[in-house]
Amino acid sequence: MSLLAAIPLQRIEVLVAAILICVVIFELVRRRHLMERYALLWLLAGVALMVLALWQGLLTTVSGWVGIYYPPAALFAAGFVFVLAILLQFSIAISRLSDQNKILAQRVALLQQQLEREQTEKAQGEKAEEESSEGLAPRR
Amino acid sequence: MTSTKLAIVPAHNEAGAIAGTITEIARWAPDFDVLVVDDGSTDATAELAREAGAEVLRLPFNLGIGGAMQSGYIYASEHGYQVAVQVDGDGQHDPRHIHDLLARLEAEPGLNMVTGSRFLDPREGSFRSSAARRVGIRFFSRLLSRITGQPVTDPTSGFRMTDRRGIELFAHDYPRDYPEVEAIVLMHTLDLRSCEIPMAMKPRLTGVSTISSTRSVYYMVKVLLAVFVALLRTRPVREAQEVSPTAAGQAL
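The following paragraphs examine the structure supplied in this document. Please read all numbers here as calculations on a predicted model, not as lab measurements.

A few points about the packing of helix H5 (residues 131–148) of chain B against helix H7 (residues 179–189) of chain B
Residues and elements named next belong to chain B. Two elements in contact, H5 and H7, have axes separated by 10 Å at closest approach and are oriented at 5 degrees. As judged from the angle between their axes, H5 and H7 are roughly parallel. Contacts from Phe-140, Leu-144, Ile-147 and Thr-148 in H5 reach Val-181, Ile-184, Val-185 and His-188 in H7. Grouping the amino acids of the contact of H5 with H7 by side-chain chemistry returns 6 nonpolar, 2 polar and no charged.

Overview of the sheet that holds strand E4 (residues 83–86) of chain B
Residues and elements named next belong to chain B. Read across the sheet, 7 strands follow the order E3-E2-E1-E4-E6-E5-E7 without closing on themselves; strand pairing throughout is mixed. If you trace the sheet from one side to the other, it starts and ends with strand E3 (55–58) and strand E7 (193–198), each paired once. Ignoring strand direction, the axes of neighbouring strands in this sheet form an average angle of 20 degrees. Sheet topology places strand E1 (residues 5–11) next to E4; 4 bridges connect them, and they run parallel.

A look at the packing of helix H3 (residues 64–78) of chain B against helix H6 (residues 164–172) of chain B
Residues and elements named next belong to chain B. At their nearest, the axes of H3 and H6 sit 8 Å apart, and the two run at 125 degrees to each other. Here H3 is positioned oblique relative to H6, judged by the angle of their axes. Crossing angle aside, the handedness with which H3 passes H6 is left-handed. Contacts between H3 and H6 involve Gln-70, Tyr-73, Ile-74, Ala-76 and Ser-77 from the former and Ile-167, Glu-168, Phe-170 and Ala-171 from the latter. For the contact of H3 with H6, the residue count by class is 6 nonpolar, 2 polar and 1 charged.

A word on the environment of B:Ile65
Along the chain, B:Ile65 turns up in helix H3. Each C-alpha atom of the pair B:Ile65 and B:Pro10 lies 7.0 Å from the other, and the pair is 55 residues apart in sequence.

What to know about the nonpolar core
Residues B:Ala7, B:Leu35, B:Val36 and B:Ala84 are the most contacted members of the largest nonpolar core, which totals 66 residues. Contact partners of B:Ala84, with chain neighbours within four places excluded, come to B:Leu6, B:Ile8, B:Tyr73, B:Ala76, B:Met161, B:Thr162 and B:Ile167. The next biggest cluster of nonpolar side chains, apart from the first, holds 5 residues, and it includes A:Ala18, A:Leu49, A:Leu52 and A:Ala53.

Parameters and conventions
Residues numbered from 1 in each chain as written. Chains lettered and ligands numbered in written order. Predicted model: local features only at pLDDT ≥ 70, side-chain atom pairs only at ≥ 80, totals over all residues. Axes fitted to C-alpha atoms, helices over the stretch in contact; angles between N-to-C directions. Helix = DSSP H or I, 4+ residues; strand = E, 2+ residues; numbered from the N terminus. Parallel < 35°, antiparallel > 145°, perpendicular 65-115°, else oblique. Contact = placed C-beta atoms within 7 Å. Nonpolar A, V, L, I, M, F, W, Y, C, P; charged D, E, K, R; others polar. Pairing = 2+ DSSP bridges. Left-handed = near helix turned anticlockwise from the far one by under 90°. Core = buried A, V, L, I, M, F, W, Y, C linked by C-beta atoms within 7 Å. Buried ≥ 20, exposed ≤ 12 C-beta atoms within 10 Å, placed from the backbone.

This is how it looks when you write it as structure tokens:
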């Protein structure tokens, strides 16, 4: 209890938000609404937020290293980079999906053409067979 | 399959012109099989093409000219065709010139692609297209001539014939949205040889061009990016002459 009391209210809020992110992401993965591949970046963000909330002075120290004098600005910058990373990941995923989609569409067209041709050939073969058997019938 | 030569006709909502194009090919190039690639048409293009006696590949949705043409090249590759020519379904490409392309391709061993150019012969300079498009064509003409070290006067012409090696390359890797310009660079980076012959083209009969004036700028920027990326890219290890396992199985 003394530990919690030592933590300012804002930090507790951030901590709750971070835990919430992780829980939601875990739950989505568990229900198979989200693939592990795409969950990783989100979990990384949640964990980073958690570390920043718990480790007092980390944000200020890191900001100092990169030369940002106003620590919250460093947080916004990091958040922006994270959003960009996720968007890039989506763009890559969309490119791959649309390429796979194209290949599938082409294969469907090729298979359909092959199937239709085999069906016409089969129908023609049966027709020819019928005609030849009809030709035999009168002799019997 | 009755022939070793294939005419690939990409068509998107070309019900008005497709039957005529197929009849013309059958008339002027009877030694070519005709494959219509119906690129997700919402009209009767596929049915009319089938009635006119062509084989039809029916794409389940619109892929754009690059994806449609690549389907044709995959078909040509898997059915063992030795020569493939692209003839647009809108009637712009006059099938009586197919044998001009073939003569050029067969005359020069080692030649992989022959393109019909609207601008090579100064007398044919009357071909009409939008101003923006003409600027784009001239720009890419200069750029590609510089890159390939040989004159490329009509980089956007789709009336082109490829040999077996070109077919296998394009079946494996064909640019997607506006493929003609990129395809020239692609062949150049793989040391495949191409050339142009002069050719008159008819104004399109029906339908709408895939490239409107307003989209020309987007077209230029996008193709420009693709050309430079293609130049920087180290090509896939797989050589153009190799065929994927499934394709090889079906070709036999």
